[in-house]
Amino acid sequence: MGPIKKLQAFVCAQTFWPQFMVRWFQAEKGPFTIFFYCPLAKCGISVANIYDIIKKPVDTINPVQQSVIAMSGTLFARWCWILKPRQFMLVFANSVMASTGIIQLWRKFQSGQSV
Amino acid sequence: MASKFSGMFWTWVHSSTGPKTTHFWAPVCNWFFPIQALYDWNRDPAKISKEMQCVLVCYSSLFMRWALRISPQSYILFCMHLFNATLQGRLLIRRLMWESSQQKAIEDKPTN
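So, here is what we can say about the structure in this document.

Basis of the calculations
- Residues numbered from 1 in each chain as written.
- Chains lettered and ligands numbered in written order.
- Predicted model: local features only at pLDDT ≥ 70, side-chain atom pairs only at ≥ 80, totals over all residues.
- Heavy atoms only, no water.
- Salt bridge = Lys/Arg side-chain N within 4 Å of Asp/Glu carboxyl O.
- Helix = DSSP H or I, 4+ residues; strand = E, 2+ residues; numbered from the N terminus.
- Buried < 20%, exposed > 50% of the residue type's maximum accessible area, 1.4 Å probe, protein only.
- Core = buried A, V, L, I, M, F, W, Y, C linked by side-chain atoms within 4.5 Å.
- Contact = heavy atoms within 4.5 Å.
- 1 Å grid on protein atoms, 1.4 Å probe; cavity = no way out; pocket = protein on both sides within 12 Å on 5 of 7 lines; lining within 4 Å.
- Points joined across faces, edges and corners; volume = space filled by probe spheres on them.
- Arc of directions from axis to C-beta.
- Nonpolar A, V, L, I, M, F, W, Y, C, P; charged D, E, K, R; others polar.

## Comments concerning the pattern of salt bridges
Argument step 1. According to the stated counting rule, one finds five salt bridges over all chains in the structure shown.
Argument step 2. Between Glu51(B) and Lys56(A) there is a salt bridge whose closest N-O contact spans 2.7 Å. With Glu51(B) in helix 4 (residues 50-69) and Lys56(A) in the loop between helix 3 (34-55) and helix 4 (63-82), the pair connects residues from two separate chains.
Argument step 3. The salt bridge partner of Asp108(B) is Lys104(B), with a shortest N-O separation of 3.3 Å. Of this pair, Asp108(B) and Lys104(B) both sit in helix 5 (residues 75-108), four residues apart, roughly one helical turn.
Argument step 4. Of the residues examined, Lys104(B) reaches a relative accessible area of 48% and is grouped as partly exposed.
Argument step 5. When salt bridges with common partners are traced through the structure, they connect Asp52(A), Lys56(A) and Glu51(B) into a single cluster.

This is the structure:
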């Protein structure tokens, strides 16, 4: 048994958890699997971009990186929309990511700088 | 032989996961992340965002594991995220080394 599985078994063995928490810990896409953390990582890009929008000056904006973020977010939002079953949370997360990229590009464009 | 290959090619082009659909271009556009990191090979460290680079390294590390845990496994996605984590990590290290040198310059400045 790998270390994550051992940790999961240890946590689930504790008696003070309510049953619904134990079921969540053991879920196929629960917090002891990678499937739980991947959408969080995608949201992390949006959070980092929002932090940069608020705190960082315009000359630190990387237009190439922001273009990639905006394009990737848009295409993945569309992909998650047309997937069966439709992934609404991922559509939302990718849309927010694309929006932050577009806002950064707009700020750069407004300031008139190129790089 | 040539006509069989061209038949397969055009079948793929017109398929539901071919280059005329988002199913194809969404994973392909992920490759622009490591390409962007290569383009910014010599970017001024003062203009690198430490937070964004940290997040991109974590993002690619998590998706490397994800690419191997999905069924079927996607080795192309795994390679893409491996390149991305390495290259974005390089930019992060450049930024951290620059910050460290800036801090050292401030400390070494003779106080008078």
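Picking up where we left off.
## Let's talk about the nonpolar core
Argument step 1. Ile45(A), Ile69(A), Met97(A), Phe33(B), Met52(B), Leu56(B) and Tyr59(B) are the most contacted members of the largest nonpolar core, which has 14 residues in total.
Argument step 2. Looking at this core, the elements with two or more residues in it are helix 3 and helix 4 of chain A together with helix 4 of chain B.
Argument step 3. In contact with Tyr59(B), other than residues within four places in its own chain, are Ala41(A), Lys42(A), Ile45(A), Asn30(B) and His81(B).
Argument step 4. Formed by five residues, the second largest nonpolar core is a distinct cluster that contains Val11(A), Val22(A), Phe25(A) and Phe32(A).

## Looking at the layout of surface pockets
Argument step 1. The volume enclosed by the largest pocket comes to roughly 1,200 Å³.
Argument step 2. The wall of the largest pocket is formed by 38 residues, among which Trp79(A), Leu83(A), Leu90(A), Phe63(B) and Trp66(B) lie closest to the centre.
Argument step 3. Only helix 3, helix 4 and helix 5 (88-111) of chain A together with helix 2 (22-29), helix 4 and helix 5 of chain B provide two or more residues apiece to the lining of the largest pocket.
Argument step 4. Space inside the second largest pocket adds up to approximately 360 Å³.
Argument step 5. Around the second largest pocket, the lining is made up of 14 residues, and of these Ile4(A), Phe32(A), Thr33(A), Ile34(A) and Arg65(B) lie nearest the centre.

## Observations regarding helix 3 (residues 32-39) of chain B
Argument step 1. Within helix 3 of chain B the residues assigned to the buried category are Phe33(B), Pro34(B), Gln36(B) and Ala37(B). For helix 3 of chain B, the buried positions fall inside an angular range of 155° around the axis, keeping them on one side.
Argument step 2. If you follow the buried residues of helix 3 of chain B, they end up packed against helix 4 and helix 5 of chain A together with helix 2, helix 4 and helix 5 of chain B.

## Looking at empty space enclosed by the protein
Argument step 1. According to the stated counting rule, one finds one cavity of 30 Å³ or more in the structure shown.
Argument step 2. In this structure, the largest cavity occupies an estimated 120 Å³ of space.
Argument step 3. Forming the boundary of the largest cavity are 14 residues, of which Asp52(A), Thr60(A), Asn62(A), Gln65(A) and Ser49(B) lie nearest the centre.
Argument step 4. Tallied by class, residues from the lining of the largest cavity come to three nonpolar, seven polar and four charged.

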